[in-house]
Every structure is written in C-alpha cells, then in structure tokens.
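The lines below spell out each chain.
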Amino acid sequence: MDKSCLKNQWIIQIKVLLCIVILTLLSISFKPALALGNETDRLALLALKDQLVGGSPGALNSWNDSFHFCDWQGVRCGRRHQRVISPWNLAN
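Residues numbered from 1 in each chain as written. Predicted model: local features only at pLDDT ≥ 70, side-chain atom pairs only at ≥ 80, totals over all residues. Heavy atoms only, no water.

> Account for the side chain of Ser62, naming residues and giving values.
Among the secondary structure elements, Ser62 is positioned in the loop between helix H1 (3–53) and strand E1 (76–77). At a separation of 2.8 Å, a polar atom in the side chain of Ser62 contacts the main-chain amide nitrogen of Gln73. In this structure Ser62 touches Phe67, Trp72 and Gln73, once residues within four positions along its chain are discounted. (Helix = DSSP H or I, 4+ residues; strand = E, 2+ residues; numbered from the N terminus. Polar contact = N/O pair within 3.5 Å; in protein donor to acceptor, adjacent residues only side chain to side chain. Contact = heavy atoms within 4.5 Å.)

Below, the structure written as structure tokens:
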C-alpha cells in the first residue's frame, strides 16, 4: 500500500472514533435529564396527593413507592419516556 492510501484509512478511522465518542457523550448527557424528569413527576404527584386527600387514610393507596408512578391509579404516562400526561382520571 502506498502512503496516501494508509493516510486515508487513518483519517477514516479517526472520523469513526470521533463519531463514536460524540454519540456516547450525547447518550450519557440525555439519560440524567430523563431520570430527573421522572423523579420530578413522581414528587409532583406525591405533592398533589397530599393536597387532594389531606391525610385521609386509604385515599390513593396505589400512590406509593411500591409501584412506578405510571402504575398509580388515575395516572397516565407516555409510552416512550414514561412521563406523566393528561387527562387524569381520579374518579375512582
């Protein structure tokens, strides 16, 4: 192989490596944002529960740490990001 062919292969390898590094950094940076959003939703729902039931025993029993908040009674979450969506159904 001549030097120009080796140089071109080296450049391609560097570009591929840079793409992998960039994609890895992007995936790492978005995961905490989604996790924080989920925790924010959970805390907001617990605060809402306190306002709605005012300490009434037995009210909204499913709203606890035993279940993911998307499985709580009356709560609907989007399928992709598991974030709370509306409308709510708290009639039961």
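Structure shown, so let's carry the discussion forward.
> Can you explain the state of the cysteines? Please cite residues and give values.
As enumerated under the stated definition, the model contains one disulfide in all. Bridging Cys70 to Cys77, the disulfide has an S-S length of 2.0 Å. Every disulfide takes its handedness from the sign of the S-S torsion; for Cys70 and Cys77 that torsion is -95°, giving left-handed. (Disulfide = S-S within 2.5 Å.)

> A description of the side chain of Arg42 should follow, citing residues and the corresponding values.
Relative to the elements of secondary structure, Arg42 occurs in helix H1. In terms of polar contacts, Arg42 uses its side chain to reach the side chain of Glu39, at 2.9 Å. When sequence neighbours within four positions are dropped, the list of residues in contact with Arg42 reads Asp65, Phe69 and Trp72.

> Can you tell me about the nonpolar core, naming the residues and giving the values?
One finds Leu45, Val53, Leu60, Trp63, Phe69, Cys70, Trp72, Val75 and Cys77 forming the largest nonpolar core, which totals nine residues. Those residues in contact with Cys70 that lie beyond four places of it in its chain are Val75, Cys77 and Gln82. (Core = buried A, V, L, I, M, F, W, Y, C linked by side-chain atoms within 4.5 Å. Buried < 20%, exposed > 50% of the residue type's maximum accessible area, 1.4 Å probe, protein only.)

> Tell me about the confidence of the model for the chain, residues and numbers included.
Any residue range with low pLDDT should be treated as having predicted coordinates unsuitable for detailed reading. Predicted confidence across the chain gives a mean pLDDT of 74, with 68% of residues reaching 70 or more. Within the chain, H1 has the poorest average pLDDT of any element, 71, and E1 the best, 86. (pLDDT = per-residue confidence, 0-100.)

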